[in-house]
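Spelled out from the first residue to the last, the chains are:
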Amino acid sequence: MSGAAPYAYAGLDRVFHERARLGIVTSLAGHAEGLGFSELKALCGLTDGNLARHLQVLEGAGFLIQSKDQDGRRAITRCRLTSVGRTRFADYLAALEAVLHQARARETTADSGATKTRPA
């Protein structure tokens, strides 16, 4: 956050700050070994095409890698966060926590000001 524009929230990375990608990255953050495409699809409630597009964006940013594995005769796409992705996601979460803290502090200030001005 900048002193000149305290509500600009520069730390909120637009790559993560999209509902579907936030779900994908949050799912992967708890699985160092990664998750299969089908697992991610089910966890995030996305279609094949929608998930594939969001994975492409995350991979293009260097936050995720996809690998193809074999499970018997079936190919499985496994997705996992890169070390850069994990670090940047942690930074994003810290920035989001700062936003929430600032909003709660302003709300508390506004509530206590409203209490003082209410007639008895």
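Our structure is the block above this text.
Residues numbered from 1 in each chain as written. Predicted model: local features only at pLDDT ≥ 70, side-chain atom pairs only at ≥ 80, totals over all residues. Heavy atoms only, no water.

S.K.: Explain the environment of Gly62 residue by residue, including any values.
M.R.: Relative to the helices and strands, Gly62 is located in the loop between helix H3 (48-60) and strand E2 (64-71). Counting along the chain gives 22 residues from Gly62 to Val84, while the straight-line C-alpha distance between them is 7.0 Å. Leave out the neighbours within four places in its chain, and Gly62 touches Thr82, Val84 and Gly85. (Helix = DSSP H or I, 4+ residues; strand = E, 2+ residues; numbered from the N terminus. Contact = heavy atoms within 4.5 Å.)

S.K.: Mind laying out the state of the cysteines, listing which residues take part and the relevant values?
M.R.: Counted under the stated rule, the structure contains zero disulfides. Considering cysteine sulfurs only, Cys79 is the nearest to Cys44, which forms no disulfide, with 10 Å between them. Taking relative accessible area as the criterion, Cys79 reaches 0% and is therefore assigned buried. (Disulfide = S-S within 2.5 Å. Buried < 20%, exposed > 50% of the residue type's maximum accessible area, 1.4 Å probe, protein only.)

S.K.: How would you summarise the pairing of strand E3 (residues 74-81) if you had to cite specific residues and measurements?
M.R.: Note that strand E1 (residues 35-36) and E3 share two bridges and pair antiparallel. Bridging across to E3, Leu35 finds its partner in Cys79. The pairing of E2 with E3 spans eight bridges and is classified as antiparallel. Each bridged residue has a counterpart across the sheet, and for Asp69 the counterpart in E3 is Ile76. In this antiparallel pair of consecutive strands, E2 and E3, the connection spans two residues, and Gly72 shows a positive phi of 70 degrees. (Pairing = 2+ DSSP bridges.)

S.K.: Lay out the sheet that holds E1 with the relevant residues and their values.
M.R.: Taken together, the three strands give an open sheet; going across it, the order is E1-E3-E2, and neighbouring strands pair in antiparallel fashion. Only two strands of the sheet have a single partner each, and these edge strands are E1 and E2. Running over the sheet, H3 touches E2 and E3 and is turned about 125 degrees from E2. (Axes fitted to C-alpha atoms, helices over the stretch in contact; angles between N-to-C directions.)

S.K.: So what's going on with the side chain of Thr77? Residues and values would help.
M.R.: Position of Thr77 among the secondary structure elements: in strand E3. Polar contacts involving the side chain of Thr77 include one to the side chain of Lys68, which spans 2.8 Å. What Thr77 contacts, discounting residues up to four positions off in sequence, is Leu35, Gly36, Phe37, Gln66, Ser67 and Lys68. (Polar contact = N/O pair within 3.5 Å; in protein donor to acceptor, adjacent residues only side chain to side chain.)

The analysis is restricted to geometry; functional conclusions fall outside its scope.
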